[in-house]
There are 4 protein chains.
Amino acid sequence: MSAVNPRPRAGNRRDEAARLAVLHAADDLLVEHGFAGLTVEAIARRAGVAKQTIYRWWPSKVEILLDTLIADSEKRVPVPTAPATADVVLGYFRDFARFVVDDPAGRVLLTLVAQAQHDTSAAESFRTRYLAPRRERERDLLARAVDAGAISPRLDLDATLDALIGPVVYRALTGAGGSDDLVTALGEDLLGKP
Amino acid sequence: MSAVNPRPRAGNRRDEAARLAVLHAADDLLVEHGFAGLTVEAIARRAGVAKQTIYRWWPSKVEILLDTLIADSEKRVPVPTAPATADVVLGYFRDFARFVVDDPAGRVLLTLVAQAQHDTSAAESFRTRYLAPRRERERDLLARAVDAGAISPRLDLDATLDALIGPVVYRALTGAGGSDDLVTALGEDLLGKP
Amino acid sequence: MSAVNPRPRAGNRRDEAARLAVLHAADDLLVEHGFAGLTVEAIARRAGVAKQTIYRWWPSKVEILLDTLIADSEKRVPVPTAPATADVVLGYFRDFARFVVDDPAGRVLLTLVAQAQHDTSAAESFRTRYLAPRRERERDLLARAVDAGAISPRLDLDATLDALIGPVVYRALTGAGGSDDLVTALGEDLLGKP
Amino acid sequence: MSAVNPRPRAGNRRDEAARLAVLHAADDLLVEHGFAGLTVEAIARRAGVAKQTIYRWWPSKVEILLDTLIADSEKRVPVPTAPATADVVLGYFRDFARFVVDDPAGRVLLTLVAQAQHDTSAAESFRTRYLAPRRERERDLLARAVDAGAISPRLDLDATLDALIGPVVYRALTGAGGSDDLVTALGEDLLGKP
DNA sequence: TATTAATCGAGACGGTACGTCATGTCTTTTA
DNA sequence: TAAAAGACATGACGTACCGTCTCGATTAATA
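Residues numbered from 1 in each chain as written. Chains lettered and ligands numbered in written order. Predicted model: local features only at pLDDT ≥ 70, side-chain atom pairs only at ≥ 80, totals over all residues. Heavy atoms only, no water.

Student: Just to check I follow, could you spell out the relation of the copies chain A and chain B for this structure?
Tutor: Superposition of the two copies of the chain requires a rotation about an axis together with a shift along that axis. When chain A is fitted to chain B, the best match, at an RMSD of 0.1 Å, comes from turning it 180° and sliding it 0.0 Å along the axis. Here the copies are linked by what is in effect a two-fold axis. In terms of proximity to the rotation axis, the leading residue of chain A is A114 of chain A, whose C-alpha is 2.0 Å off the axis. Looking at the interface residues of chain A, 97% of them are also at the interface in chain B, so both copies use one shared face. (Least-squares fit on C-alpha atoms with pLDDT ≥ 70 in both. Contact = heavy atoms within 4.5 Å.)

Student: I would appreciate a short explanation of the interface of chain A and chain B in the present structure.
Tutor: You'll often see interface size given as the accessible area lost when the parts meet. Across the contact, 33 residues belong to chain A and 32 residues belong to chain B. Summed over both sides, the interface between chain A and chain B buries roughly 2,700 Å², with carbon and sulfur atoms accounting for 63% of that surface. Linking chain A with chain B are four salt bridges, by the criterion used here. As a salt-bridge pair, R171 of chain B and D162 of chain A come within 2.6 Å of each other at their nearest N and O atoms. The interface formed by chain A and chain B contains eight residue pairs in polar contact (both at pLDDT 80 or more). Going through the elements one at a time, α6 (104-118), α7 (120-147), α8 (157-173) and α9 (180-191) of chain A are the ones with two or more residues in the side of chain A that touches chain B. Taken together, the residues of the side of chain A that touches chain B break down into 19 nonpolar, six polar and eight charged. (Buried area = accessible area lost by both parts, 1.4 Å probe. Salt bridge = Lys/Arg side-chain N within 4 Å of Asp/Glu carboxyl O. Polar contact = N/O pair within 3.5 Å; in protein donor to acceptor, adjacent residues only side chain to side chain. Helix = DSSP H or I, 4+ residues; strand = E, 2+ residues; numbered from the N terminus. Nonpolar A, V, L, I, M, F, W, Y, C, P; charged D, E, K, R; others polar.)

Student: In this structure, what is going on with the packing of aromatic side chains? I would like to understand it.
Tutor: We describe a pair of aromatic rings using the distance from one ring centre to the other and the angle between the two ring planes. Going through the model one piece at a time under the given rule, you end up with eight aromatic pairs over all chains. Between Y92 of chain C and F93 of chain C, the ring centres sit 5.2 Å apart and the planes meet at 65°, which makes this aromatic pair edge-to-face. One exposure class covers both Y92 of chain C and F93 of chain C, and it is buried. Aromatic pair F126 of chain D and Y130 of chain D: ring centres 5.7 Å apart, planes at 5°, arrangement stacked. Linking F126 of chain D with Y130 of chain D, this pair stays in helix α7 (residues 120-147), spanning four residues, or about one helical turn. Residue F126 of chain D shares its accessibility class with Y130 of chain D, and that shared class is buried. Above the ring of W58 of chain B, the side-chain terminus of R14 of chain B is found at 5.1 Å from the ring centroid. (Phe/Tyr/Trp six-rings, centres within 6.5 Å; stacked < 30°, edge-to-face > 60°. Buried < 20%, exposed > 50% of the residue type's maximum accessible area, 1.4 Å probe, protein only. Lys NZ or Arg CZ within 6 Å of the ring centre and 35° of its normal.)

Student: Any chance you could explain the arrangement of the chains here in plain terms?
Tutor: Spatially, chain B and chain C are disjoint, and the shortest separation between their C-alpha atoms is 35 Å. Spatially, chain A is disjoint from chain D: no contact exists, and the shortest C-alpha separation is 17 Å.

Student: Teacher, can you tell me more about helix α8 (residues 157-173) of chain C here?
Tutor: The periodicity of an α-helix, 3.6 residues per turn, causes residues three or four positions apart to be oriented the same way. All names here are of chain C. Here α8 spans 24 Å end to end across 17 residues, near enough to the 24 Å set by a 1.5 Å rise per residue. Largest kink in α8: about 30°, centred on I165, with the proline P167 one to four residues after it. The buried fraction of α8 amounts to 15 of the 17 residues, a majority that puts the element mostly inside the structure. Regarding α8, its N-cap is D156, as a side-chain oxygen of that residue lies 3.1 Å from the backbone nitrogen of D158 further along. Looking one or two residues beyond α8, the residue adopting positive phi is G175, at roughly 80°. (Expected span 1.5 Å × (residues − 1). Bend = angle between axes of the 7 residues up to and from the residue.)

In structure tokens:
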């Protein structure tokens, strides 16, 4: 007979509840107390988890944030895989801008960009696990749009992406606000007409 | 002429030698050990200065870096005040890109952008003491160029600046390299022909 | 006759191989790394045994040491049961002194005396399982020797035992060396001539 | 004008209040929770002192206990320097026995004897700082008594001391009680009549 | 010409967090 | 049912910095 509650706690294998508790605690602490308040001890305290459990599964707190960022940005700003019309492309960059500027989860992205400046291995992880794979798919998105004749960028694909994303991120990093119009204007300018 | 002992330590007024020793120690430590190695204790040790002397004159180590950044960027990438031709304008942004990407002093700029994400008061200082005044002069530069008929930007002045500077900074932050061609292309595109 | 697989691991009854592996691992670790290196984790690692197996059979590592001490001191310094002549009695105390001072197994005795100071339940076990039973037999040894007219102690039996054993143990505990002559002199003095 | 109270708190030199707080906290914890409860963290907590302050001045908690033991045993069981009569000598050993058996401060002695078995450097410190100097003075006490014709020991001086102290310490270590009579009897026996 | 006041190097202090280790309990899987 | 394996919450370890403080010496401006 197996009870309704199948005994959630611990065992020989990784404890999923602990994993989620850590991710949520990290997210919450970042929102509530900023990066300075995001210590391993605080995460452990908040998650009701042992420090060792954190160190067992994550090499550093940056990796914790990366886990949440990857999950969240996949959910909220997926790179479109559908047929790449001009609207789809531009819509994606607008969504990305809103994610970075307005969404608390987007705050994690900025935090990791920042931490990457202070910490080489954070930079490495951030690039390998987040930036590079996403850039791959973004480049592919543009390429498909070009093939479909939906856009005709004036610069090469990577430069186009940096030119569209860079200003948005830079504004967010320097505390300047909404980038919606900026994205629209840049999009028109850089993606061209077919 | 001073005594045989060339160490005229202490006195009633601020010790300029101590001030410089702190600035240089901070700069050196940042280059050699990264931001993680830039602790007040390490600066004091390296500069041969008491911790209290640092805390007496700087509210935080971010202000020390700001002091060096302001001095260095004034020296290496001054915003042109001469007649604003298209070449002068474009040249400025190219110089800025090189400063950020290649110059160790430009590294300080990235470090402060980063630290501003982790620390509200760092963000405030960085904006007030560095970003805002410089932006003021950059906006003025563009305005003079427009007046002179040297350029005719397609976006408003602030958006133009973000669109030119953002991609460069974003590339530097994410570890991507040289932005020279990018600046040239963006300049042509965004500053237009008269 | 055993199976093709020479590792008849685990089963229904207590695994004697595991028991011995634990005892030997504990002994070895004590000799090689001292009491500080004698952790349950280290014993388990060394013995190739699961921690739980240790906790299942021994309430604490002190009991493991007690098991080895009891076995070893029974083997190397048995309390004589043969007719109790003066030589037998004195010989026993001399053997005991050598056990405590020279024999690695005697080291365990000192370790347990020490641990008993830090840990009440260790003290309890040590007294109940080791000290008391042995004292019983030592007292009996003396009594038989008195009855036989082989010795005539000047103090009561327990005081005589403490007066003979105490100095030897104290010297061993304080790092002072050989007690052979001391035992001889004390023996002559305290056990008297018939 | 120098006040009666010369500003007690902290500064550039060692803080005497902190030193005493640590010693008392260590003593109290040992009495209340045993050696197991005597952690550096607990001492710091109890003394209202930073852990670093403890590590700055004491290489280990054993040295803290040594400090208290040395002070306490100097106060309660000083080795007599007055003319060494038989009564003075015997009185000293009786006092020592009471110190070890009844006095909470004597408990520290037993704890250190114990810890010396587990920790080489504790053993070294204990011998150098406590045992050796005290033994020196005890030997001197006996020598003076012999010279004065007050006693005539049957063993050499060190053996006599071990034979008198050893049984008392051994009894205390093994939880056996009062040693008053034992000391008297041993004293009569070993110190002899002039 | 003293006195006063500020600065300096030095470093002790109460704290917080670090990353590691051992504790004893628990579960899972295999025999 | 025992055993190996190992995850888990707990809590101490010893170290590094934090920012505040007190000290004694040094020097310039004031009385």
